[in-house]
Amino acid sequence: MKSIVGKHTICENQGVREALIKLDQNAPSSILFVTDEGNKLIGSLTDGDLRRGFIKGLDFNTSLIEFIQPNPVFINDGEYDLGILEDYRKRNLKVVPIINVNKQIVNILDFSITSTLIPADAILMAGGEGKRLRPLTENTPKPLLKVGDKPIIEYNIDRLVQCGIKTINLSINYLGDQLIDYFGDGNEKGISIQYVKEDKPLGTIGSILLVDEFQHDDIIVMNSDLLTNIDFADFYQLYKASGADMAVAATSYHVDVPYAVLEVNSENSVKSLKEKPRYTYYSNAGIYILNKSLLKMIPQGEFFDITDLMERILEMNLKLVTYPINGYWLDIGKHEDFKKAQEDIKHIKL
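Residues numbered from 1 in each chain as written. Predicted model: local features only at pLDDT ≥ 70, side-chain atom pairs only at ≥ 80, totals over all residues. Heavy atoms only, no water.

**Q** So what exactly am I meant to see when it comes to the sheet that holds strand 17 (residues 278-291) here?
**A** Backbone-to-backbone hydrogen bonds join strands into a sheet, with any given pair of strands oriented parallel or antiparallel. Strand order in this open sheet of seven strands is 11-10-7-12-17-14-18, and the pairing throughout is mixed. Each edge of the open sheet carries a strand with a single partner, namely strand 11 (192-197) and strand 18 (320-324). Sheet twist, expressed as the average angle between the axes of neighbouring strands with direction ignored, equals 30°. Relative to strand 10 (residues 167-172), strand 7 (residues 121-126) runs parallel, the two being bridged by five bridges. Across the sheet, residue Leu 124 finds its bridge partner in strand 10, namely Leu 170. Sheet strands in contact with helix 5 (residues 152-162) are strand 7, strand 10, strand 11 and strand 12 (218-223), and its direction is about 175° off that of strand 7. Where helix 7 (residues 232-242) meets the sheet, it contacts strand 12, strand 14 (246-256), strand 17 and strand 18, and its direction lies at approximately 85° from that of strand 17. (Pairing = 2+ DSSP bridges. Helix = DSSP H or I, 4+ residues; strand = E, 2+ residues; numbered from the N terminus. Axes fitted to C-alpha atoms, helices over the stretch in contact; angles between N-to-C directions. Contact = heavy atoms within 4.5 Å.)

**Q** So what exactly am I meant to see when it comes to the pattern of salt bridges here?
**A** Two side chains carrying opposite charge are able to pair once their charged atoms lie near each other. Per the counting criterion, the structure on display carries 13 salt bridges. Taking the shortest distance from any N to any O, the salt bridge between Asp 225 and Lys 142 comes out at 2.6 Å. Taken together, the positions of Asp 225 in the loop between strand 12 and strand 13 (226-228) and Lys 142 in the loop between strand 7 and strand 8 (146-147) put the pair 83 residues apart, joining distant regions of the chain. We classify Asp 225 as buried; its relative accessible area is 14%. Beyond isolated ion pairs, a larger network of salt bridges with shared partners links Lys 150, Glu 154, Asp 158 and Lys 189. (Salt bridge = Lys/Arg side-chain N within 4 Å of Asp/Glu carboxyl O. Buried < 20%, exposed > 50% of the residue type's maximum accessible area, 1.4 Å probe, protein only.)

Interpretation in functional terms is not warranted from these geometric data alone.
Rendered as structure tokens:
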């Protein structure tokens, strides 16, 4: 965080020459955010601002304050409106400062690195043995099996990073130390990666209670052995707009009946006839967003699947919604799935 903030900020008491050097180093994102000595945002500065200043008679000895634009666009930390962020991106803004309540710059949103900012934490379930993929998983945990040039799980982590997720928890068990060795604390990706480990199997959601604290109200829960280009921002927006307590991503599954289908009533009277119909069903895709208030519904230290949680939500008349994945999705469970992933990765962008 400090490096990207330092790259795009300059103190008001620094000189015009220093500003020009920094702007040149930042190309093509040639903008600086000018701060006071307390790191408070007071303006922005571009090559064009300096050029216009020189035309007006300002020179290299003039204070930077004379060159700046005093009302730059900014984002309030923790108050992300995804619609506004998308508008900024469409306006071709390349970098935007994120400020705290004291107007101090705490981070920089660089649209070349991060497409949006989703105010949520994430947990990836990465503890399974991957028995159906043996012998590939005898000495390597399934999430670390490579598809193309990097492990399965890394595609998912990188996609979450692109959406501005700053804290990712990995629930590990089988050969989990290899995941710790590979990702470390997440510093290389500019995020915090933390680990929880089951002492015994806790199902597909039970281990979430091992996380000490979630910083945000919403949590993205995801199986780590998926390949997908799901639009997390769109998924999150649907979840929030619906006022749901939980959202589950779904993939479509089509059943083609090769015969004419008769629809009858209880008295076996034919009501309609459909010739070779196609029925579409939606399957759980293993990606969820839930409000952390639901965690109290999960029993401590007991085996508990996420489908158990969904059933409780429905029993309590809480709101559960689905989000159809319109893009690519593959659950890598068997050898044929793994082989398909190796071919697909040559043609899709994750």
